[in-house]
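# Breakdown of the fold
For reference, the chains in residue letters:
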Amino acid sequence: MSHFNEAANSWDSSQKSQRAIHLANEVKKDGNLKLDGDILDFGCGTGLLGVEFIEEAKSLLGVDVSSGMLEAFDLKTKDSAKTKSKNVNLEEESLERKFDLIVSSMTFHHLINPEAVLVKFSKMINPGGGIALIDLETEDGTFHGDNEKAGVRHFGFSSADLAQWAKSSQLSVEFRIVDTIEKNERKYNLFLGIFKPLLQ
C-alpha cells in the first residue's frame, strides 16, 4: 500500500493521461453501456480513467485502498458535484448500492481472488448494467519489475480466465486487445473485457 501512497503525487504522466483517454474511448465504443448512469471506478487511483466518464455520467464514485491515490483523485475532481471517493477494500467489504457501469483499469492483477470480485460486481450492477475491465494480458512477470513491492498477485490474465469469471458470474464477456505498452524491451498487451448480464 505504501508503494501507491508514495507514488500518488508523481503518478500521472502525459503518457498515462493519453492512454487513459484512449482506453476510455475504447470502453465508450460499446453502445450498450450506460455511460449516463451511476458509475463506479474500482481501483480508481488518481482518477486517470474515471475522469473521462464524468461528463456523461449521472454520478461517479471512485474507490481505492490507497489514501494517497484518493487524495489525488479528490483534488482532480474537486470541481465536479457528481464525483465522490471512498477508501474501501471491496475484496473484503461491500457497498450497499448498485451501479449502471463499473469500470476498472490495471487493478485486478493486484487482487487476491479476482474471480470472486467479478462475481461480487455482477450483483452490484443494475438491470441492463455492465462491467468494463482493463488489465494486462498474461505476461511473464517482468512488467512491474519488483512485483512484491508493487503488490502484484497475477501476471495478467487470458481470455480463458475472463470466460471462467463470466461463467461464475452468469455474465457474457467480450475480450479484445486495446493497447500495447512497450517497456523492458518487451511488448505487453492490455485487454478490455466487457461483461453484461446474459439476458441483456
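Presented here is an overview of the structure given in this document.

About the cut-offs
- Residues numbered from 1 in each chain as written.
- Predicted model: local features only at pLDDT ≥ 70, side-chain atom pairs only at ≥ 80, totals over all residues.
- Heavy atoms only, no water.
- Core = buried A, V, L, I, M, F, W, Y, C linked by side-chain atoms within 4.5 Å.
- Buried < 20%, exposed > 50% of the residue type's maximum accessible area, 1.4 Å probe, protein only.
- Helix = DSSP H or I, 4+ residues; strand = E, 2+ residues; numbered from the N terminus.
- Contact = heavy atoms within 4.5 Å.
- Salt bridge = Lys/Arg side-chain N within 4 Å of Asp/Glu carboxyl O.

Below, the discussion takes up the nonpolar core. Val27, Ile39, Leu49, Phe53, Leu101, Val103 and Leu192 are the most contacted members of the largest nonpolar core, which totals 26 residues. Elements with a minimum of two residues in this core: helix H2 (14-28), helix H3 (67-76), strand S4 (99-105), strand S5 (125-136), strand S6 (171-183) and strand S7 (186-197). Sort the elements by how many residues they give to this core and S7 lands first, with four residues. The residues contacting Leu49, other than those within four sequence positions of it, are Ala20, Leu23, Ala24, Asp41, Val103, Ser104, Ser105 and Ile134. Core analysis: the second largest hydrophobic core is formed by 25 residues, Leu61, Ile125, Ala166 and Phe195 among them.

Two side chains with opposite charge may pair up if their charged atoms get near one another. Counted according to the given criterion, the structure contains seven salt bridges. Across the pair Lys196 and Asp30 runs a salt bridge whose closest N-O atoms are separated by 2.9 Å. Of this pair, Lys196 sits in strand S7 while Asp30 sits in the loop between H2 and strand S1 (38-42), and the two are 166 residues apart along the sequence. Lys196 gets classed as buried once you look at its relative accessible area, which sits at 10%. According to the relative accessible area criterion, Asp30 is buried, its value standing at 10%. One connected set of salt bridges, linked through shared partners, spans Glu26, Lys29 and Arg176.

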